[in-house]
Amino acid sequence: MSDDDLAFSSIRTLGRLLRDGTTSPVELTTFYLQRLHRIAEPLNAVSTVTEEVALREARLAEAELRDGLDRGPLHGIPYGLKDVVSAVGAPTTWGAFPDQQFTQEATVVRRLRDAGAVLVAKLATIELAGGMGYDHPDAAVTGAPHNPWDTSRWTSGSSSGPAAAVGAAAVPFAIGSDTAGSILLPAAFTGTAGLRATYGRVSRFGAMTLCWTLDRLGPLCRSADDCGLVLEAIAGPDPQDPSSLSVPYRYTGRPVRSRGFRIGVLEGAGEGAEPAVTANFASSLAALAELGTVEEVALPDLPYAAVADVIIGAEAYAALDDFIAAGRTSELTAAKAHGHRLAGAVLPAHDYLRAQRIRRIITTRLDELAGGFDALVAPSLGITATPVTDRFAYMLPGAAGQPLNLAGVLAGSPTVSVLNGLDGDGLPTGIQLAGSRLQENAVLDAARSLEERSGTARLRPDGPRGTARQGTPGAPPPSDPGRGDQGRHRAGPTTTGGRP
Amino acid sequence: MTTGSAGGSSYPALTQSSRAAVAARLVEIVTLRHPEGLTQGQLDELTVVVEAQLSATELLHRFDLANGDEPAFTLPPPVGGVR
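This write-up is about the structure you can find in this document. Everything numeric here is computed off the predicted structure, so don't read it as measured data. (Residues numbered from 1 in each chain as written. Chains lettered and ligands numbered in written order. Predicted model: local features only at pLDDT ≥ 70, side-chain atom pairs only at ≥ 80, totals over all residues. Heavy atoms only, no water.)

**With respect to the overall build of chain B**
Helices and strands together make up the secondary structure of chain B, namely two helices and two strands. Beginning at the N terminus, the succession of helices and strands in chain B can be written as β-α-α-β. Burial statistics for chain B: of 83 residues in total, 30% are counted as buried. Looking at chain B alone, contacts between residues at least 24 apart form 79% of all its contacts between residues at least 6 apart. Surface summary for chain B: the accessible area is close to 5,300 Å², and the carbon and sulfur share equals 60%. (Helix = DSSP H or I, 4+ residues; strand = E, 2+ residues; numbered from the N terminus. Buried < 20%, exposed > 50% of the residue type's maximum accessible area, 1.4 Å probe, protein only. Contact = heavy atoms within 4.5 Å. Areas by Shrake-Rupley, 256 points an atom, 1.4 Å probe, with all protein chains shown as cover.)

Put into structure tokens, the structure is as follows:
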């Protein structure tokens, strides 16, 4: 197996290699630490490499596995953490404050440690998770994040570092955060699998708050199956997070479905998208039709974007009111952020409450619709990754796929985005599968079956200009995705999913 | 029970000119809260967002809600269930 084949392996494969002695937690951790330095740092995907913590945790995992203590699928598996989530022993910069440190670690970090996972890096984020406004990829102390499929493109945000690092196989998986698309949209741009689980599944304790009623943490991985494995490790009730659900979550040890899915495709889902997005979405629908039924459905006509904008406007101001009111937004990199959230000071409480009242109706209507299906599907985004030098419109509905994304955001329901093909320039496209609340397994089973049917999870970036190839065991290792020249520039839309 | 629907609200709508006047006053209020002064860039962005905010809330006020329609936040049951 080549180094790249190892790096791009699934969590299950890595677990098998750890248990049959092909590699060890320390060897694997050292291997990914080298890739972080060599590949992810040039992509501006890294905030801090946590080398000391990583090697300590890896040695412990090695000793435990050797002594017969097996903590499950993540034992000995390295991972990265979006730098809005606190971990003891490293700064938690929120993408803006290089010296910021917390003494309490996040629940998600503790849970991953309990599962035997190894923290190898804090990963880049758009400053303050993009929540103060930004219209340029270069809105972080780490600089503009480059896309491993083509380094002249960006990753989308705000989970830019997790998406780039997983996309480049500098970590097997990462934890991101999502308020209105910050897991889903970077997953689409970087050909990774991103899961936004049901609101309350994953404790946010220890993570930066942008919007209490919308914020979620979740995995970015190489596949839907990996997302399920990670979610099982991080889900569960937490007394330190009042929003956390008391219901347990299991992904492993249950009957897995691979056929008989009932899929609802949104009317006009591919309209307005780039031709490659539309074509790949049509191919995905054909594959899904072989796995079950596909029928067209209409998303209820409700004011998703207006509700989301008002809720985020009010809560983001409240969550960071001392920072904003003190005029400190002018310290941020993005010029847009200097004035963007000031408007929250004059957003009436009754308007915020009206948005939340309509949100309940949105939730009910989406539950009714999604409850009749295993998944509702649409393109994750109507465009492929845009140039890293381009400005874009922030908080605009923009490309196709956004209504279903925003409906899922507001309803607190699960959505996974997986790679479903490439465009003519070798850039990934994504499909989102959205389900009813608490029905992650239906969505993940459908996504995994689609990946297996179409073979898209084996696609990976190959070389500095982003020419993709199938991962084939024994194939010679490609050159590093983060190296070389700055690749192509392609004319394209300037509107991307720049939501927080 | 939810009864919301688009288009049936009797909440008074702002005219184009009154909306512009309201936006200008709201921007002025924000500037009063920042005696250190705002740059032209901040004022430009603030104005854009205040106007967008008014458009969004105006849209929401065209959505009919019944008196009993509750906001989408309630206190969840305690972790571990009711004791």
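**Some points on the interface of chain A and chain B**
With 39 residues of chain A at the interface, the matching set in chain B holds 35 residues. Summed over both partners, the interface of chain A with chain B buries about 3,200 Å², with 68% contributed by carbon and sulfur atoms. The largest per-residue losses of area from chain A upon contact with chain B belong to Arg354(A), Arg357(A) and Arg360(A), which jointly make up 22% of the total buried on that side. Taken together, chain A and chain B are joined by one salt bridge. Taken together, the connections running from chain A to chain B amount to 13 residue pairs in polar contact (both at pLDDT 80 or more). When residues of the side of chain A that touches chain B are traced back to their parent elements, those giving at least two are α10 (304-319), α11 (321-325), α12 (335-340) and α13 (349-370) of chain A. If one sorts the elements of the side of chain A that touches chain B by residue count, α13(A) sits on top with 14 residues. Partitioned by chemical class, the residues of the side of chain A that touches chain B number 19 nonpolar, 12 polar and eight charged. (Buried area = accessible area lost by both parts, 1.4 Å probe. Salt bridge = Lys/Arg side-chain N within 4 Å of Asp/Glu carboxyl O. Polar contact = N/O pair within 3.5 Å; in protein donor to acceptor, adjacent residues only side chain to side chain. Nonpolar A, V, L, I, M, F, W, Y, C, P; charged D, E, K, R; others polar.)

**Some points on unusual backbone geometry**
Residues and elements named next belong to chain A. Omega for the peptide link from Gly157 to Ser158 comes to 10°, which places this bond in the cis form. In this structure, Ser158 sits in the loop between β5 (150-154) and α6 (160-167). Positive phi outside glycine occurs at Leu438, with the angle close to 75°. Examined against the element boundaries, Leu438 turns out to sit in the loop between β13 (428-434) and α15 (440-454).

**Brief notes about the packing of aromatic side chains**
All names here are of chain A. Taken as a whole and assessed by the stated rule, the structure comprises nine aromatic pairs over all chains. Arranged with centres 5.3 Å apart and planes meeting at 10°, the rings of Tyr79 and Phe173 form a pair that is stacked. Taken together, the residues Tyr79 in strand β2 (residues 78-82) and Phe173 in strand β6 (residues 173-178) connect sequence positions 94 residues apart. Like Phe173, Tyr79 is buried. Between Phe97 and Phe323, the aromatic rings sit 5.8 Å apart at their centres with planes inclined by 75°, giving edge-to-face as the arrangement. Of this pair, Phe97 sits in the loop between β2 and α5 (107-114) while Phe323 sits in helix α11; the two residues are 226 residues apart in sequence, bridging distant segments of the chain. As far as burial versus exposure is concerned, Phe97 and Phe323 are alike and both buried. Among the aromatic residues, ring-to-ring pairing joins Trp94, Phe97, Phe102 and Phe323 into one connected group. For Arg262, the ring lying beneath its charged end belongs to Phe373, and the centroid distance is 4.7 Å. (Phe/Tyr/Trp six-rings, centres within 6.5 Å; stacked < 30°, edge-to-face > 60°. Lys NZ or Arg CZ within 6 Å of the ring centre and 35° of its normal.)

**Considerations on the state of the cysteines**
All names here are of chain A. The tally for this structure, following the rule as stated, stands at zero disulfides over all chains. For Cys227, which is in no disulfide, the shortest distance to another cysteine sulfur is to Cys221 and amounts to 3.9 Å. You can call Cys227 buried: its relative accessible area is 0%. (Disulfide = S-S within 2.5 Å.)

**Re the pattern of salt bridges**
All names here are of chain A. If you walk through the whole model with that rule in mind, you get 24 salt bridges over all chains. In this structure, Arg254 engages Asp445 in a salt bridge whose closest nitrogen and oxygen atoms are separated by 2.8 Å. Of this pair, Arg254 sits in the loop between α8 (224-234) and β9 (261-266) while Asp445 is found in helix α15, placing the two residues 191 residues apart along the sequence. Summarising the burial analysis for this pair, Arg254 and Asp445 share the class buried. Here the residues in one salt-bridge network are Arg12, Asp225 and Arg448, joined through shared partners.

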